[in-house]
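Overview (structure and organization)
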Amino acid sequence: MIGVANGKKGKGKRDNVSHLMLTQQLKPQFWDWVDSDEAERAEADGTIVTQRLGLTRDEAVSLIERAASGDLQAVAGLGAEIVRRLEYSGSVFLYDKIAAGQALTDWESDEDSKHEGSRVAAAYIILHDKDTWTDYSGEEPVECLKEPHVHMVVVFESEKRNGRSVPASASPAYLAKRIGIPLNGHIDLPRKGGPTFDWPGYGKVSSSLDNKLAYLTHAKYEEKFQYDPAEVITARGPGYLPIDRARRPDWLKGRAHIKKQQAAEAVEDLVEKCITGQITKEVIELDDDLLAVYGRHKRKVDDALRTRSDAEATRKRVEVERTLGTEWTKSGIAVTGPRRSGKEAFAADLLEKLTALARHAGQQWQTVRPPGQHALESVGSAELVHHEDGRFRAFRSYDQMLRYLDPNESVEAEGRYYSRQAPAPRVAVLTTSNTLYEFGLSSLARKPTEVLEADAATSSSSRAPADIDEFLLRLGWVVEVQKPVRTVDDICVAEDIGTAEAFEIFKQEAMIGFYRPKEKSARRTETVRARNGARLGEITTTAEMEPVGMLKGVDRAARFLAVEIMHGRNGDIIAALPEEITARLNDEHRLIAGDLVDRKQQVLDAAELGQRRCGTCGHKYSALDLEPYDRMCFGCGPETHPDVVRCSQCKRFWDTSAARPYGRSTCDACSPG
């Protein structure tokens with residue numbers, strides 16, 4: 001059997017090898033018998049060097065360089081030369097040690113002088129000039145081409161010695177010297193064990209040799225460049241193509257085993273990088289190679305990721321305990337508005353701008369979007385949290401929500417299975433299509449809107465109003481988003497916000513109102529209604545939403561609020577910003593804030609001109625034509641006001657209650673008469 005037999009291990013020596021695979025770059029300096037003349041090589045090496053066995057230096061250098069350029073005749077010539085060196089009978093070394101009076105080792109004096117040459121049964125060589133490697137040293141991974149190199153599989157014949165079948169070769173170190181390349185890292189030796197396979201016309205060979213033959217074309221390595229089997233040059237023995245045809249089906253099946261082996265070898269490196277924070281779960285799931293390792297060692301990698309997460313949480317907790325309430329405080333932002341009004345777009349833009357400001361200050365803030373239930377189990381150590389379309393189920397209890405929104409405290413959050421780290425995000429943004437009072441009452445009662453509506457319809461009028469002041473007063477800002485209702489470029493934004501064109505118009509035209517919760521001395525009772533006008537119950541409160549103003553456009557509104565949050569509650573970030581960024585930020589903020597104040601005054605002035613309160617939410621709304629918005633009641637559609645209709649000409653909303661003549665369909669601006 002070719003490539004199966006092993007010789008007897010002699011004293012102080014390794015067994016003769018049955019086969020090997022060599023790998024070396026095609027550069028003259030990497031082949032001992034090619035690089036320079038013999039005297040120079042002997043002087044540089046200081047020990048022994050190999051002869052060229054009849055080749056001149058120019059011929060040897062030319063052979064290597066032509067092979068590197070893709071000359072297949074030169075590759076075949078290199079394979080033949082390696083076989084010749086292995087089979088050469090007699091010494092191939094220059095014994096400069098003798099001239100220098102140095103003692104020779106046993107294998108230098110004994111093995112070489114007695115070696116009659118190996119007997120090569122088969123040899124196959126291929127040029128690899130399309131292999132790649134990934135350079136991770138820069139900011140982004142770069143795919144690079146490897147230097148041209150050859151792989152060569154050499155199989156030795158067997159011979160009988162003392163009744164035993166042993167390879168007609170020599171020890172690995174001696175064979176490496178004969179070839180003229182280093183042993184370690186360049187010569188792959190036989191591996192014990194494994195099944196045997198049939199070679200066409202040659203009987204059985206070991207699995208170790210079979211794997212080396214498959215590697216010549218990367219047949220088992222799907223992620224590597226796949227070389228054509230016709231590119232393999234047979235330097236000795238049976239042709240490679242019949243072997244490839246016979247073995248390829250099994251080689252392709254072996255890809256799964258190779259991936260399993262690679263995963264086993266790579267998992268420790270992956271675990272180390274997870275523990276040190278170099279790789280996150282997101283990176284793993286976006287990388288096919290890492291995902292293959294993760295899929296086979298999920299529990300081990302998950303443990304590493306959890307270990308890193310717990311360590312980061314501990315460090316974050318210590319840092320939070322040191323700085324929360326002194327250098328910064330938490331900000332709870334409620335973003336309300338009707339369905340499909342663009343609340344999520346505003347929230348996402350706001351969080352992007354906060355992240356950018358933190359980055360300028362040298363911090364990397366993480367944003368999470370937790371699920372709609374048991375949200376705090378997913379917050380972790382994130383600085384920014386986006387609770388999308390929030391409902392009362394996001395929190396396990398009303399008390400948990402209050403502790404979460406407390407600007408100055410970080411309390412451990414109870415979980416379904418075990419308590420989690422104390423969540424202390426810098427900014428928590430809650431978007432909801434509920435009205436603010438509706439959300440607070442629903443969270444306190446732990447009931448959805450439809451149940452509250454049914455309860456209100458059947459319960460006694462003597463039921464005590466609920467107190468949700470703790471929720472209202474722990475909010476830093478309340479934001480109301482209203483999409484534009486006009487037709488712009490023949491696109492009705494109110495109806496078509498789902499289209500890309502309408503969404504872009506929305507981002508430019510949307511009116512966004514800002515309020516700050518303030519505590520007033522007088523307590524009052526207010527009826528809580530849903531957006532459709534349905535009565536849900538009553539609350540008692542001392543909190544009022546003090547209007548700060550309105551801004552047109554998502555980008556400007558998000559810029560304004562991001563800077564307000566940083567200035568008001570994140571002084572450490574503002575202090576760390578470069579001076580030029582701080583100056584530019586302040587100038588831009590003054591312009592936006594000025595516009596905000598002007599609009600606020602417009603709203604307040606309009607509210608004083610005898611405008612009536614909205615029957616749904618209690619806010620005053622204006623019938624005046626105040627560009628760029630048409631009605632003052634955010635959060636309530638015109639359907640709650642029978643007298644407010646859309647003008648048939650300009651498409652703006654207007655109050656028909658005082659219109660003359662009755663029944664006209666155009667507003668005062670379009671019907672000046």
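For the structure, check the block above.
Below: a short report on this structure.

Parameters and conventions
- Residues numbered from 1 in each chain as written.
- Predicted model: local features only at pLDDT ≥ 70, side-chain atom pairs only at ≥ 80, totals over all residues.
- Heavy atoms only, no water.
- Core = buried A, V, L, I, M, F, W, Y, C linked by side-chain atoms within 4.5 Å.
- Buried < 20%, exposed > 50% of the residue type's maximum accessible area, 1.4 Å probe, protein only.
- Pairing = 2+ DSSP bridges.
- Helix = DSSP H or I, 4+ residues; strand = E, 2+ residues; numbered from the N terminus.
- Contact = heavy atoms within 4.5 Å.
- Axes fitted to C-alpha atoms, helices over the stretch in contact; angles between N-to-C directions.
- Salt bridge = Lys/Arg side-chain N within 4 Å of Asp/Glu carboxyl O.

If you look at the biggest cluster of nonpolar residues, it comprises 39 residues, and the most contacted ones within it are Ile333, Phe346, Leu350, Leu354, Val479, Phe514 and Leu561. Ranked by size, the runner-up nonpolar core spans 35 residues in total, among them Val17, Val34, Ile125 and Leu189.

Our next topic: the sheet that holds strand E23 (residues 535-552). Read across the sheet, 8 strands follow the order E15-E16-E17-E14-E19-E22-E23-E18 without closing on themselves; strand pairing throughout is mixed. Among the strands making up the open sheet, the edge pair consists of strand E15 (367-368) and strand E18 (466-467). Sheet topology places strand E14 (residues 331-336) next to strand E17 (residues 427-432); 6 bridges connect them, and they run parallel. By the bridge assignment for E17, Gly332 is matched with Ala428. The sheet strands contacting helix H15 (residues 436-445) are E14, E17, E18, strand E19 (477-482), strand E22 (511-529) and E23, and the helix crosses E23 at an angle near 140°.

The next point concerns the sheet that holds strand E10 (residues 187-188). One open sheet holds the 5 strands; their spatial order is E10-E1-E7-E4-E13, and the pairing between them is antiparallel. At either margin of the open sheet sits one strand with a lone partner, and together these are E10 and strand E13 (233-236). Of the strand pairs in this sheet, strand E1 (residues 19-25) and strand E7 (residues 149-156) are connected by 7 bridges, and their pairing is antiparallel. In the strand pairing of E7, Leu22 is matched with Met152. Seen against the sheet, helix H3 (residues 72-87) touches E1, strand E4 (120-128), E7 and E13 and runs at an angle of roughly 145° to E4.

Let's shift gears to the pattern of salt bridges. For the coordinates displayed, the defined rule picks out 32 salt bridges. Taking the shortest distance from any N to any O, the salt bridge between Glu147 and Lys27 comes out at 3.7 Å. Note that Glu147 is positioned in the loop between strand E6 (142-145) and E7 and Lys27 in the loop between E1 and helix H1 (38-45), a separation of 120 residues in sequence. Residues Arg248 and Asp244 are paired through a salt bridge, measuring 3.0 Å at the closest nitrogen-oxygen approach. Here Arg248 pairs with Asp244, and both are found in helix H8 (residues 240-253), just 4 residues apart, close to one helical turn. Each member of the salt-bridge network shares a partner with another, and the members are Asp349, Lys353, Asp555 and Arg559.

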